[in-house]
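Overview (structure and organization)
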Amino acid sequence: RNQNSEEMKKSLEKLDESHAEQMERVKADMMKSYESSKAAELARMASAHKKDMEQMKHDMLVEANDAMKIETDRLVRAHEAAMEKLRADLTAQAAAETLRVQTESNRQLAVVV
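Fair warning: this is a prediction, and the values are worked out from it, not measured in the lab.

**Things to note about the overall build of the chain**
When its secondary structure is counted, the chain shows 1 helix and 0 strands. Considering the chain as a whole, with its 113 residues, one finds that 0% of them fall into the buried category. Counting every atom, the chain has about 10,700 Å² of accessible surface; 60% of that belongs to carbon and sulfur. A distance of 1 Å separates the average location of the 19 positive side-chain charges in the chain from that of its 22 negative side-chain charges.

Pasting the structure below:
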């Protein structure tokens, strides 16, 4: 009976050890699964963040490009206006010079006559 009791004790100890090992394996598997799902969630978040950053970068480039187009158009209009004024000034100068030359020529003719 004592031997039976000892065997039963040993059997229960082995069962306890086996159960403890099994629980450790289950715990390790659960941790791996948890870490894996956490890693997948972090990867998903990183991917979403990267897409957001790319969209923001794109939006900023579009905005900067639009601003540059507006500024370029303004500069072109200012240049065209300056060129128009220069043409007008040169035309007025040429007319004044022509008038001066004609007047001088008429004066010389009047002196001759």
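Anyway, onward from the coordinates.
**What to know about the environment of Leu-42**
One can find Leu-42 in helix H1 (residues 2-112). On the basis of relative accessibility, which here comes to 54%, the residue Leu-42 falls in the exposed class. Each C-alpha atom, one on Leu-42 and one on Met-23, is 28 Å from the other, the two residues being 19 residues apart in sequence.

**Focus: a nonpolar patch on the surface**
A cluster of nonpolar side chains, Met-8, Leu-12 and Leu-15, forms an exposed patch at the surface whose accessible area comes to about 320 Å². Position of Leu-12 among the secondary structure elements: in helix H1.

**Things to note about a negative patch on the surface**
Taken together, the side chains of Glu-6, Glu-7, Glu-13, Asp-16, Glu-17 and Glu-21 make up a negatively charged region of the molecular surface. Position of Glu-6 among the secondary structure elements: in helix H1.

Quick notes on the rules
- Residue positions are given per chain, counted from 1 along the sequence in the order it is written.
- Reporting in this predicted model follows two pLDDT cut-offs: at least 70 for local features of residues, and 80 or more for side-chain atom pairs to be given and counted; totals over whole chains, interfaces and linings ignore these cut-offs and use all residues.
- Side-chain figures throughout are based on the complete set of non-hydrogen atoms in the structure, without hydrogens or water.
- In DSSP terms, a helix is any run of H or I states spanning at least four residues, a strand is any run of E spanning at least two, and both are numbered starting from the N terminus.
- The classification of residues rests on relative accessible area computed with a 1.4 Å probe and restricted to protein chains. Under 20% of the type maximum is buried, over 50% is exposed, and intermediate values are partly exposed.
- Only the protein chains shown count as covering a residue, and every accessible area follows the Shrake-Rupley method with a 1.4 Å probe.
- In this charge count, Lys and Arg are treated as positive and Asp and Glu as negative; neither His nor the chain ends contribute.
- The location of each charge is read from NZ of Lys, CZ of Arg, CG of Asp or CD of Glu.
- Two distance rules govern patches: like charges are joined within 9 Å, and nonpolar side chains (Val, Leu, Ile, Met, Phe, Trp, Tyr) within 5 Å, applied only to residues with over 30% relative accessible area and no salt bridge.
- Whenever a carboxyl oxygen of Asp or Glu lies within 4 Å of a side-chain nitrogen of Lys or Arg, that contact is scored as a salt bridge.

Note that all results are geometric; they support no functional claim without further evidence.
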